[in-house]
Every structure is written in structure tokens, then in C-alpha cells.
Amino acid sequence: QLHSNEENHAEAAICKVHIAALVIDYLTHTGRLISGLAPPAPSGIINASQLGHVASTPTVASLVYISAATPSRARPTSEVPLQLNHMEVFEAICPGINEVADSVGDEEGTCQSPVFSEQGLIDTLMQAIDLFKKADMFEFAIKLYRLVLPIYEQSKSYVQLAQCHAAITSLYEMVLASNDAQSRMLGQYYRVGFYGARFGDLDTKVFI
């Protein structure tokens, strides 16, 4: 909230991504698997470079996505859905997030907030998407939609699916327009100063 108040939209979005990772971890550990999600597999997860290829053997990934609109006859004969590891999406946005995401225990009563639910996850992801859009980081917003779509596909929420696909189209158009105009300045720098005897040798020093 502090980052949002200061209009540090990218930093606020990263916070939301961390929250979303914790929510998925909590729901998995407590056995409350949500639609479109399954527990991570120890091996055989399809990575981003393999998307579009069908696995030869059944595996279970963290995020299972298969279009509800796809006719059954058009699906792979092995009935293996297109699989996507949600942590790969998070890692592409926040390198190193794996080190902190697996930090929610499965003790009953650990997380009582409504955020730790399927709807809470959707809301958190949509908030992160909106913040990335405000920060002109349209590509990250598109990546997060990859986590929202499977949930709506599973529940056959076609109105929401239509809205999501329209939003994705708009985001791609923003990417093209900003690239053509070279209007985005994504690099941000901070001036950090240390003042006070407690900082020792760092006292009065300033870093960029």
C-alpha cells in the first residue's frame, strides 16, 4: 500500500506477485487445490520453451491449462493437457521468488484473510496486472494473465474470459505503440544516503 501511495507502481506490483505466490503455496499445502491448479511435480514440468509441444507422458504441473472450448477430438489422444508451471511465470517477473514463495505453513488457521482463496488469488493477480500496466510494464501484465485464464477456463466463466482476452489484445497494442514511439523509460534509479553515527563508515555516504 505504501508503494501505491507513493505511485511506485512497479514495486507495488512485485509485492502483489509475491502475495499471489504465497496464496498458491498455501492452498496447495492445505489441500485446497483451486480450479486449474495442481500440486507441483518433482520432475517433467514443461518449461516456457516447450509450450506448444505435447508431453509424451502424463505429468502434473503447478498450473494445468486446457481450453474448455477445445473439442475433445482435437485434444491429444493421451489426454495430457497443455501444462504450465506458475512459478516459471513468477520467476520471469521476480527472479529468486522461489526462495521465498514456499514459506506458508499448512497449520490450520495460518492464513485467515480472504486473500487466501481462489477469488483472493484472482483479485491479487488482477491488481498486479493493473499496477504493471500503470508502470508501462505491459509484458509482465500479459504474463500474469496466463495464470488467470486457466481458472476462468475451468469454471467456464466466458464473460471474464472475453474480458481477459480483450485486455491482452489491448496490452499487446500498447507494447507496439510504445515501442514505435520509444516512449517507455523503464530504468529507475534511486539515491540512497546514510546519515548518522550508527552507520559507521557509511555515515554521510550517498549511493545511486
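Everything in this summary refers to the structure shown in the same document.

About the criteria used
- Residues numbered from 1 in each chain as written.
- Predicted model: local features only at pLDDT ≥ 70, side-chain atom pairs only at ≥ 80, totals over all residues.
- Heavy atoms only, no water.
- Helix = DSSP H or I, 4+ residues; strand = E, 2+ residues; numbered from the N terminus.
- Phe/Tyr/Trp six-rings, centres within 6.5 Å; stacked < 30°, edge-to-face > 60°.
- Buried < 20%, exposed > 50% of the residue type's maximum accessible area, 1.4 Å probe, protein only.
- Disulfide = S-S within 2.5 Å.
- Expected span 1.5 Å × (residues − 1).
- Bend = angle between axes of the 7 residues up to and from the residue.
- Salt bridge = Lys/Arg side-chain N within 4 Å of Asp/Glu carboxyl O.

Points about unusual backbone geometry
Okay, so step 1: Backbone geometry places lysine 156, a non-glycine residue, at a positive phi of 55°.
Okay, so step 2: Secondary-structure assignment places lysine 156 in the loop between helix 6 (138-155) and helix 7 (158-181).
Okay, so step 3: A positive phi angle, close to 50°, is found at glutamine 182, a residue other than glycine.
Okay, so step 4: Following the sequence through the fold, glutamine 182 ends up in the loop between helix 7 and strand 3 (192-193).

Some remarks on the packing of aromatic side chains
Okay, so step 1: What the rule picks out here adds up to four aromatic pairs.
Okay, so step 2: On the numbers, 5.3 Å between centres and 80° between planes, the contact of tyrosine 26 with phenylalanine 116 is edge-to-face. You can see tyrosine 26 sitting in helix 2 (residues 9-29) and its partner phenylalanine 116 sitting in the loop between helix 4 (98-101) and helix 5 (118-134), a full 90 residues away along the chain.
Okay, so step 3: Where phenylalanine 194 meets phenylalanine 199, the ring centres are 5.1 Å apart and the plane angle is 75°; that geometry is what we call edge-to-face.
Okay, so step 4: For phenylalanine 199, a relative accessible area of 40% gives the class partly exposed.
Okay, so step 5: Chaining the aromatic ring pairs together yields one cluster made of Phe194, Phe199 and Phe207.

Quick word on the state of the cysteines
What is meant by a disulfide is a covalent connection between two cysteines, made through their sulfur atoms.
Okay, so step 1: Taken as a whole and judged by the stated rule, the model has zero disulfides.
Okay, so step 2: A disulfide-free cysteine, cysteine 94 has its sulfur positioned 9.0 Å from the sulfur of cysteine 15, the nearest such atom.

Remarks on helix 6
Okay, so step 1: Over its 18 residues, helix 6 runs 26 Å from end to end, which matches the ideal 26 Å to within 8%, given 1.5 Å per residue.
Okay, so step 2: At leucine 147, helix 6 shows its strongest bend, of approximately 25°, with the proline proline 150 following within four residues.
Okay, so step 3: All buried positions along helix 6 are accounted for by Phe138, Ala141, Ile142, Leu144, Tyr145, Leu147, Val148, Leu149, Pro150, Ile151, Tyr152 and Glu153.
Okay, so step 4: Immediately beyond the C-terminal end of helix 6, within one or two residues, lies lysine 156, with a positive phi of roughly 55°.

Considerations on the pattern of salt bridges
Okay, so step 1: Summed over all chains, the structure comprises two salt bridges.
Okay, so step 2: With its nearest N and O atoms 3.5 Å apart, the salt bridge here joins lysine 134 to aspartate 130. Separated by four residues within a single helix, lysine 134 and aspartate 130 lie in helix 5, roughly one turn from each other.
Okay, so step 3: You can call aspartate 130 partly exposed: its relative accessible area is 37%.
Okay, so step 4: Across the pair glutamate 139 and arginine 184 runs a salt bridge whose closest N-O atoms are separated by 2.9 Å. With glutamate 139 in helix 6 and arginine 184 in the loop between helix 7 and strand 3, this pair connects stretches of sequence that are 45 residues apart.

In short, geometric facts, not functional conclusions.
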